[in-house]
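Listed below are the residues making up each chain.
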Amino acid sequence: MVQPDYSVIVPAYQAAEVIGACVQALVRQTVERARYEILVVDDGSTDATSDAAREAGADRVWRVAHGGPAAARNAGIAAAQGEIVLFTDADCEPSAEWMARMVAPLADPQVMGVKGAYRTRQTSLMARLVQLEFEFRYARMAGLPRIDFVDTYAAAYRRALLVEYGGFDTAFPIPSAEDVDLSFRLARAGHRLVFAPDAWVWHRHPATLGRYLARKARFGYWRALLYVHHPDKISGDAHTDPALKPQFALVVLLGLAVMAGFFWPPAWMVALLLLALFLATTLPFVRWAWRRDRAVALIWPGVTLLRVIVQGLGLALGLLRQGVK
């Protein structure tokens, strides 16, 4: 194989059921096949992940000791031959134009990294909610000349830059915020990162409320470590909904008012006022979603309240753990 221009790295753990579709989608890119290589790093799987990736057409598949996606991606970076490195996840299926659209912004030598987008074929209510939640944030990001938040389900970087900054931080042992940490570091150093909304991958979102909340709790927990590394990002970033911070504050006050209500009845009125203020923070999304999916718009306030509670608890536990450490 001649020296490729691009290297696509896919970390995979216990992914035998999904990695084949991912690799097949990568094989079918509109970019000439000789111009890119597909590298699958099996993160210590005990199923047939490696065999499925090889059968689907990956150029190289190798197994490393289980260390999480950050370590697996770093192994891929070390082996990559392309000057531009792209990342996606084993449970994603890139669209045929994904690679071409991801690398297009890198024709500008000032652009160092690119973020793509999610789409889904799912029709369940929760999956539709998750997709619209992403699209609401994408709409905000699309208007920014540069961003600071790149997720590795659809990402592209110049390989030399990744090597210079040491790749992904393995202090994040599970899929959590290791990719965001990297983009925060690069943006802080002044490197330009951009959003390519038309570079999308198909993904299976959480289809039940329980799985959605569990995911939010996990992200909240590991965001504590992210904020220890990047305290300046507590004030916000290009991706996170600005309403989240006042929502956290209102939920804490609401909880205190509810507890106080058992001892001082007038506190229940305060709790109702705080709940009304919280619901008011959800209205921008409700109005935006109403034209797209009314069922999602109607359940959004309640789901958001639960999300903020579990994500806040996850963040609190994470901060406690970091404080103990």
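Just above, that's the structure.
Conventions and cut-offs
All chains use their own residue numbering, which begins from 1 and follows the written sequence. Only residues with pLDDT of at least 70 get local features here, since the model is predicted, and only at 80 or more are side-chain atom pairs given and counted; chain-wide, interface and lining totals rely on the full set of residues. Only hydrogens and water are removed before side-chain values are computed, so all heavy atoms of the structure are retained for them. What counts as a helix is a DSSP run of H or I of at least four residues, what counts as a strand is a run of E of at least two, and both are numbered from the N terminus. Our radius of gyration is a C-alpha quantity, and the globule rule it is checked against amounts to 2.2 Å times the number of residues to the power 0.38. Think of it in three bands: with a 1.4 Å probe and only protein chains considered, a residue is buried below 20% of the maximum accessible area for its type, exposed above 50%, and partly exposed in between. Using the Shrake-Rupley algorithm and a 1.4 Å probe, accessible areas are obtained, with residue cover drawn only from the displayed protein chains. In this tally Asp and Glu are treated as negative and Lys and Arg as positive; neither His nor the chain ends contributes. By convention, the charge on Lys lies at NZ, on Arg at CZ, on Asp at CG and on Glu at CD. Whether two residues are in contact is decided by their heavy atoms, any of which lying within 4.5 Å being enough. In what follows, salt bridge is the name for a side-chain nitrogen of Lys or Arg lying within 4 Å of a carboxyl oxygen of Asp or Glu. Expected span of a helix: the number of residues minus one, times 1.5 Å. In this scheme, the bend at a residue equals the angle between the axes fitted to the seven residues that finish there and the seven that begin there. Polar contact is the term for a pair of N or O atoms within 3.5 Å; when the atoms are in protein, one must be able to donate a hydrogen and the other to accept it, and sequence-neighboring residues count only if both atoms are side-chain atoms. Geometry of aromatic contacts follows a simple scheme: Phe, Tyr and Trp rings, the Trp one being its six-membered ring, pair when their centres are within 6.5 Å, and the pair is stacked under 30 degrees between planes, edge-to-face over 60, tilted otherwise. Distance and angle both matter: a charge sits over a ring if NZ of Lys or CZ of Arg is within 6 Å of the ring centre and within 35 degrees of the ring normal.

**Notes on the overall build of the protein chain**
Phase 1: Scanning the protein chain from terminus to terminus reveals twelve helices and eight strands.
Phase 2: Computed over C-alpha atoms, the radius of gyration of the protein chain comes to 21 Å, within 12% of the 20 Å expected from 2.2 N^0.38 for 325 residues, which places it in the range of a compact globule.
Phase 3: In terms of overall dimensions, the protein chain has a C-alpha envelope of 75 × 45 × 40 Å along the principal axes.
Phase 4: The buried share of the protein chain, taken over its 325 residues, is 52%.
Phase 5: Put simply, the protein chain shows about 14500 Å² of open surface, and 62% of that area lies on carbon and sulfur atoms.
Phase 6: If you average the places of the 35 positive and of the 30 negative side-chain charges in the protein chain, the two averages end up 7 Å apart.

**Structural notes on the environment of Arg-73**
Phase 1: Along the chain, Arg-73 turns up in helix α3 (residues 69-79).
Phase 2: Residues Arg-73 and Arg-204 lie 131 residues apart in sequence; the distance between their C-alpha atoms is 21 Å.
Phase 3: When neighbours within four sequence positions are excluded, Arg-73 is seen to be in contact with Ile-9, Pro-11, Phe-87, Asp-89, Thr-152, Phe-168 and Glu-178.

**Digging into the pattern of salt bridges**
Phase 1: Under the defined criterion, the tally for this structure stands at 17 salt bridges.
Phase 2: A salt bridge links Arg-307 to Glu-133; the shortest N-O distance between them is 3.0 Å. One end of the pair, Arg-307, is in helix α12 (residues 294-324); the other, Glu-133, is in helix α5 (residues 125-141), and 174 residues separate them in sequence.
Phase 3: By relative accessible area, which is 6% here, Glu-133 ends up buried.
Phase 4: A cluster of three or more residues bridged by salt bridges with shared partners is formed by Glu-133, Arg-137, Lys-216 and Arg-307.

**Points about α12**
Phase 1: The first and last C-alpha atoms of α12 sit 45 Å apart over 31 residues, in line with the 45 Å expected at 1.5 Å per residue.
Phase 2: The sharpest bend along α12 reaches about 45 degrees and sits at Trp-300, with the proline Pro-301 one to four residues further on.
Phase 3: One side-chain oxygen of the residue at the start of α12 lies 3.3 Å from the amide nitrogen of Ala-295, identifying that residue as Asp-293.

**A few points about the packing of aromatic side chains**
Phase 1: Summed over all chains, the structure comprises 15 aromatic pairs.
Phase 2: Between Phe-136 and Phe-285 the ring centres are 5.2 Å apart and the planes differ by 80 degrees, which places this aromatic pair in the edge-to-face class. Remark: Phe-285 occurs in helix α11 (residues 283-290) and Phe-136 occurs in helix α5; sequence separation between them is 149 residues.
Phase 3: Under the relative-accessibility criterion, Phe-285 is labelled buried at 3%.
Phase 4: For the cation-ring pair, Arg-60 lies above Trp-62, with the distance from its terminal atom to the ring centre recorded as 4.1 Å.

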